[in-house]
Amino acid sequence: MIEAVDLSHTYGSAGLMPTAAVTNVTLTIPDNCFAAIIGSTGSGKTTLIQHFNGLLKPSSGKVLIDGEDINATKQTRKESRRKVGMVFQYPEHQLFEETIEKDVAFGCRNLGLSDAVCRDRAREALGRVGMDFDEFAQRSPFELSGGQMRRVAIAGVLSMRPSTLVLDEPTAGLDPRGRTELLDLLDALRAEGDTIVLVSHSMEDVAERAKLVFVMHDGKLAAQGEPREIFMDADRLRAVGLSPPSMVLLAEELAKLGIVVPRGIMEVDEMKEAIITLMRSEGGTNEQ
Amino acid sequence: MNTLTIGVFVPGDSIIHRLDPRTKLILTVAYVALVFMAKQVIGVALAVSYVGAALWMSKINPRIVLRGLRSLTVLVVMTAVLNLFLTQTGTTLVQFWKLRITDDGIYLAVYFALRLMFLVSGTTMLTLTTSPIALTDALESLMRPLKRFRFPAHEIAMMMSIALRFIPTLMEETDKIMKAQASRGADFETGSVWKRAKALAPLLAPLFISAFRRAADLALAMESRCYQGGEGRTRMRVLMYGAIDFAAFGIMAAMLILSGIEAILL
């Protein structure tokens, strides 16, 4: 469980353009939850999540993991890096080793584990992101395609076996298939017991997968709740600079034409069924 | 990173901001000469009024300049102390054991400390009020006569502006990669020198790869816009001297002459 208590973070110092990036945010992400943090560019999402594994120290307030203040000592901060895996935007830019195996095992080796254990973990982590260990282990990460590089980079974080995975815009720049595969991977990880925190401005990604949504605006927590609640309120989303997911927009357009579908539909299939049901019943009335 | 104010540009629309960047560059060179010529009251007064007037007219928060000076504290104090104790000429004022403080020593200590502070505060006025792009434009323009001697003025100015443009990008990138590797348990801060040097590989390798990728991208972008060096190239913002520039030159010339007279008379 990750908790932020009255968390604020200010960049820069007094006199020279101080900027408050996060202001008085209090939130709780329960264990084994697929949470999402959304917000427009500059809303403080990235700054917020960098507190979850002690990369940034709060200017005021606290971050607790399982009830413990992660900034209490150097040790707790180190511990938080093991518990919370952080996948940055374009994680493929952090690859550096000669072979994929070495790169994936980097985090594991930093935990002080033996080569044999790390090799097993690299095999496991690569397997989880859908890459065959025997085929790829000894190849250079720089020979891979962009999508494959990203999966290797994510495997590099998984090799530390974090119980929580925080991902900053993980689907940016992926093709539709790569995007679905990545989101499926996150679903699978959650099913295995991990907690997932997804930072995104793709409302579709969030609407489809997340169970709990936090909306950031201007460094403050503007709203939180289930995706349906959050996304149904299209006007509030627009007010914080986000565009509602496409199914909500479609429902709005249909309403303008006098066709009212049930509120809160997020998925294409669900919408299809709703429209078909509506047309059937209308067709029925016409005949009578 | 936050305390670095030397070289920072503070955007604005003051008279100083609107001066031609070439004027500011020449004025700064002249000011440096002025500070080195200054030996007595008039010279110091001129330097004070230059910095004071520039600061006042630029509407920049004086605290930013003071902060820049603060980062020089060690250097200034060292210079002053060395001058104080190593100057053996003049009349002895205080003496204990083998250390002698003379009136010449005090004079030189104050003199060099002031000179350093004036040099830095005066030259930061240039970078505080001039954008890096304007500065390189000015350099290119001022170096143009050297082209006759096959000096690649445009190319050097272009390289400078590209370098300046990419400093923030690379700093951001460094920060991001450091955080990403720290998230994977990398430790950049503890351990022996050898261990720390080795710990830099996960940072430097991705940084170099990304720098080369950016260089290749930029080269491609420039070529696809038909960039072919400075030959026949026109500018969007043409540098032109205006009334305020001539006024500034006039005032600076007067200051130099005044300071020159003082230097000759004494």
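Please read all numbers here as calculations on a predicted model, not as lab measurements. (Residues numbered from 1 in each chain as written. Chains lettered and ligands numbered in written order. Predicted model: local features only at pLDDT ≥ 70, side-chain atom pairs only at ≥ 80, totals over all residues.)

### Thoughts on the overall build of chain B
Applied cut-off: Put simply, DSSP H or I for four residues or longer makes a helix, DSSP E for two residues or longer makes a strand, and each gets a number counted from the N terminus. In this description the radius of gyration comes from C-alpha coordinates, and the expected globular size is given by 2.2 Å times residues to the power 0.38. Partly exposed residues are those whose C-beta has more than 12 but fewer than 20 other C-beta atoms within 10 Å; with 20 or more the residue is buried, with 12 or fewer it is exposed, and the C-beta atoms are placed from the backbone. Contact between two residues is assigned when their C-beta atoms, built from the backbone, lie within 7 Å.
Along the backbone of chain B there are eleven helices and two strands. From first element to last, N terminus to C terminus, chain B shows the α and β order α-α-α-α-α-β-β-α-α-α-α-α-α. Relative to the compact-globule value of 18 Å for 266 residues, chain B shows a C-alpha radius of gyration of 24 Å, a clear excess of over 25%. In terms of overall dimensions, chain B has C-alpha extents of about 70 × 55 × 40 Å along its principal axes. Burial statistics for chain B: of 266 residues in total, 23% are counted as buried. Contacts in chain B between residues far apart in sequence, at least 24 positions, make up 73% of those at least 6 positions apart.

### Brief notes about the domain arrangement of chain B
The following threshold applies: Either an automatic procedure or a domain database provided the assignment from which the domain bounds are taken.
Entries for chain B in the domain assignment read domain 1 (1–130 + 236–266) and domain 2 (155–235). For domain 1 of chain B versus domain 2 of chain B, the distance between C-alpha centres works out to 34 Å.

### A closer look at the sheet that holds strand 7 (residues 164–168) of chain A
All names here are of chain A. The condition is simple: When DSSP finds two or more bridges between two strands, those strands count as paired. Comment: axis = line fitted to C-alpha atoms, over the contacting stretch for helices; angle = value between 0 and 180 degrees taken between N-to-C directions.
Read from one edge to the other, the open sheet built from six strands follows the order 6-7-8-3-9-10, with strand pairing classed as mixed. Where the open sheet ends on each side, the last strands, each with one partner, are strand 6 (84–87) and strand 10 (220–225). Shown here is a sheet whose adjacent strand axes are inclined to one another by a mean of 15 degrees, direction ignored. Judged from the five bridges that link them, strand 3 (residues 34–38) and strand 8 (residues 195–200) form a sheet pairing that is parallel.

### Things to note about the interface of chain A and chain B
Contacts between the two partners involve 23 residues from chain A and, on the opposite side, 21 residues from chain B. Of all elements in the fold, only strand 1 (2–13), strand 6, helix 3 (100–110) and helix 6 (146–158) of chain A reach the threshold of two or more residues within the side of chain A that touches chain B. Residue contributions to the side of chain A that touches chain B peak at three residues, all from helix 3 of chain A.

### Describing the nonpolar core
The following threshold applies: Put simply, a nonpolar core is a cluster of buried Ala, Val, Leu, Ile, Met, Phe, Trp, Tyr and Cys residues tied together by C-beta atoms within 7 Å.
By size, the foremost hydrophobic cluster in this structure holds 74 residues, and its most contacted members are A:I37, A:V166 and A:L198. At seven residues, helix 6 of chain A tops the list of elements feeding residues into this core. When neighbours within four sequence positions are excluded, A:I37 is seen to be in contact with A:K45, A:L48, A:I49, A:V197, A:V199, A:F214 and A:M216. Ranked by size, the runner-up nonpolar core spans 22 residues in total, among them B:L27, B:L34, B:V35 and B:V65.

### Focus: helix 11 (residues 246–256) of chain A
Residue and element names in this part refer to chain A. The line we're drawing: Note: the arc covers the axis-to-C-beta directions of the helix.
Among the residues of helix 11, those classed as buried are M247, V248 and A251. Down the axis of helix 11, the buried set is contained in an arc of 100 degrees. They therefore lie on one face. For helix 11, the exposed residues lying more than 90 degrees away from the buried face are E252, E253 and K256. Just beyond helix 11, the residue with positive phi is G258, at close to 85 degrees.

### Looking at the packing of helix 5 (residues 73–86) of chain B against helix 6 (residues 103–129) of chain B
Residue and element names in this part refer to chain B. Our working rule: Oblique is the label for every angle not falling under 35 degrees (roughly parallel), over 145 degrees (roughly antiparallel), or within 65 to 115 degrees (roughly perpendicular). Throughout, a crossing is termed right-handed when the near helix is turned clockwise from the far one, and left-handed when it is turned anticlockwise from it by less than a right angle. Any residue outside Ala, Val, Leu, Ile, Met, Phe, Trp, Tyr, Cys, Pro, Asp, Glu, Lys and Arg is labelled polar, Gly included; the first ten of those are nonpolar and the last four are charged.
Interhelical geometry of helix 5 versus helix 6 gives an angle of 160 degrees and a closest axis separation of 7 Å. By the angle class used here, helix 5 and helix 6 are roughly antiparallel. Crossing of helix 5 over helix 6 shows right-handed handedness. Contact with helix 5, carried on its side by L75, V76, T79, A80, N83 and L84, involves G105, I106, L108, A109, F112, A113, L116 and M117 of helix 6 and no other residues of that element. Tallied by class, the residues present in the contact of helix 5 with helix 6 amount to eleven nonpolar, three polar and no charged.

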